[in-house]
Amino acid sequence: MEYGLRMGVDLRPGKGQKTGLYLDQRDNRCRFAGFAAGKDVLDVFAYTGGFSLHAARAGAKSLTLVEANEGALKAAQENLALNGVEDADLICAEWSDGFHALREQERSFDLVVLDPPKFTARRDALQQALAGYRDLNAQVARLLRPGAMLFTCSCSGNVTEQDFERAVAAGLAHAGRRAALVERRGAGPDHPSPPGFDQGRYLKCLVLRVE
């Protein structure tokens, strides 16, 4: 149970990713729901549908989930059904082709979350990771209606908050979009980190209003 929502979690080693549910995003999922009423919602890297579940309960007009893992997408569908949500568009798409699924998407949205897996675990791949964040945010920018809200995340510990924010800004600028930063968010308070340990603040979540 997460804030009253029922969510199936696979705890078997090697089956569900990590714990089977990304607990560090719990409060961010709840915050996301605060923008969802009456909105067309896009959930990219949806995993088992946590953000979409919260948006649905808050009264989202439509849900589109994009996920590369077929098993995770099936779990998302089951989680939606557990909570009485039957009308959602689920898209299974690989990311190795440069976010092709986003390039093919023809709809536009009022509320989008980007919650990708870790882009790099090594410092020597940092520039490649930042390029990935720039491209991802540029691709999704064209799908945002004027005034849309974007929750864009990074869980790469070697990517600093400042570098991530600049990569997102560069992606939006490349797409010809302007944005206002509404909030900077991170992992929930049950994920503390020692002072001075930057990698402990691995989860970054920027909440942006895009014009």
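Structural data are supplied above this passage.
Below is a summary of the structure that appears in this document. Since we're looking at a predicted model, the values are computed, not measured.

**Here we look at the packing of helix H1 (residues 26–33) against helix H2 (residues 50–57)**
- Interhelical geometry of H1 versus H2 gives an angle of 35 degrees and a closest axis separation of 8 Å. When you trace H1 past H2, the crossing you get is right-handed. Contact residues: H1 offers Asn28, Arg29, Cys30, Phe32 and Ala33, while H2 offers Gly50, Phe51, His54 and Ala55.
- Residues of the contact of H1 with H2, tallied by class, amount to five nonpolar, three polar and one charged.

**Quick notes on helix H5 (residues 126–141)**
- For H5, with 16 residues, the first-to-last C-alpha span of 23 Å sits near the 22 Å given by 1.5 Å per residue.
- Within H5, burial applies to Leu126, Ala129, Leu130, Gly132, Tyr133, Leu136, Asn137, Ala138, Gln139, Val140 and Ala141.
- Packing partners of the buried residues in H5 comprise strand E1 (40–44), helix H4 (100–104), strand E4 (109–114), strand E5 (144–154) and helix H6 (161–174).

**Comments concerning the packing of H5 against H6**
- With their axes 7 Å apart at the nearest point, H5 and H6 run at an angle of 40 degrees to one another. The orientation of H5 relative to H6 falls into the category oblique. Our pair here, H5 against H6, has a crossing hand that is right-handed. Contacts between H5 and H6 pair Leu126, Leu130, Tyr133, Arg134, Asn137, Ala138 and Ala141 from the former with Asp163, Phe164, Ala167, Val168, Ala170, Gly171, Leu172 and His174 from the latter.
- Residues that form the contact of H5 with H6 fall into these classes: 10 nonpolar, three polar and two charged.

**Observations concerning unusual backbone geometry**
- At Tyr3, a residue that is not glycine, the phi angle is positive and equals roughly 50 degrees.
- In this structure, Tyr3 sits in the segment before H1.

**Thoughts on the nonpolar core**
- Among the nonpolar cores identified, the biggest contains 32 residues, and Leu42, Trp95, Leu102, Val112, Val140 and Leu150 are the most heavily contacted of them.
- Contributing elements (two or more residues each) for this core: E1, H4, E4, H5, E5, H6 and strand E7 (204–210).
- With seven residues, H5 is the single largest residue contributor to this core.
- Beyond its immediate sequence surroundings of up to four residues, Val112 is in contact with Phe32, Leu42, Val140, Leu144, Met149, Leu150 and Phe151.

**Re the pattern of salt bridges**
- The tally for this structure, following the rule as stated, stands at 12 salt bridges.
- When the shortest N-O distance is used, the salt bridge between Glu161 and Arg201 registers 3.9 Å. Pair noted here: Glu161 is in helix H6 and Arg201 is in the loop between strand E6 (179–185) and E7, with a separation of 40 residues, a long-range link.
- Given a relative accessible area of 44%, Glu161 falls into the partly exposed group.

**Things to note about the sheet that holds strand E2 (residues 62–67)**
- With mixed pairing, the seven strands of this open sheet are ordered in space as E3-E2-E1-E4-E5-E7-E6. Bordering the open sheet on either side are strand E3 (89–92) and E6, each of which pairs with just one other strand. Ignoring which end each strand starts from, the neighbouring axes of this sheet average 15 degrees apart.
- Two strands pair when backbone bridges link them, and E4 and E5 are joined in this way by five bridges, in the parallel orientation. In the sheet register, Val113 faces E5, and the bridge partner there is Phe151.
- In the packing of H1 onto the sheet, the strands contacted are E1, E4, E5, E6 and E7, and the crossing angle to E6 comes to about 140 degrees.

What counts, and at which threshold
Position numbers for residues start from 1 in each chain and track the written sequence from start to end. At least 70 in pLDDT is required for a residue's local features to be given in this predicted model, at least 80 for side-chain atom pairs to be given and counted, and no such filter applies to totals for whole chains, interfaces and linings, which use all residues. Heavy atoms from the whole structure form the basis of all side-chain values; hydrogens and water molecules are not counted. Under this scheme, a helix contributes an axis fitted over its contacting stretch, all axes are lines through C-alpha atoms, and angles between N-to-C directions fall in the 0 to 180 degree range. Helix and strand labels come from DSSP, where a helix needs a run of H or I of at least four residues and a strand needs a run of E of at least two; each type is numbered from the N terminus. Should the near helix be turned anticlockwise from the far one by less than a right angle, the crossing is left-handed, and should it be turned clockwise, the crossing is right-handed. Residue contacts follow a heavy-atom distance rule, with two residues in contact if any of their heavy atoms lie within 4.5 Å. Ten residue types, Ala, Val, Leu, Ile, Met, Phe, Trp, Tyr, Cys and Pro, are classed as nonpolar, four, Asp, Glu, Lys and Arg, as charged, and the remainder, Gly among them, as polar. Here, expected helix span is obtained from the residue count minus one, scaled by 1.5 Å. Exposure classes here rest on a 1.4 Å probe applied to the protein chains alone. A residue is buried below 20% of its type maximum, exposed above 50%, and partly exposed in between. In these notes the angle categories are as follows: under 35 degrees is roughly parallel, over 145 is roughly antiparallel, 65 to 115 is roughly perpendicular, and the rest is oblique. For this analysis, a nonpolar core means a set of buried residues of the types Ala, Val, Leu, Ile, Met, Phe, Trp, Tyr and Cys, connected via side-chain atoms within 4.5 Å. The term salt bridge refers to a pairing of a side-chain nitrogen on Lys or Arg with a carboxyl oxygen on Asp or Glu at a separation within 4 Å. The rule for pairing is simple: two strands pair if DSSP sees at least two bridges between them.

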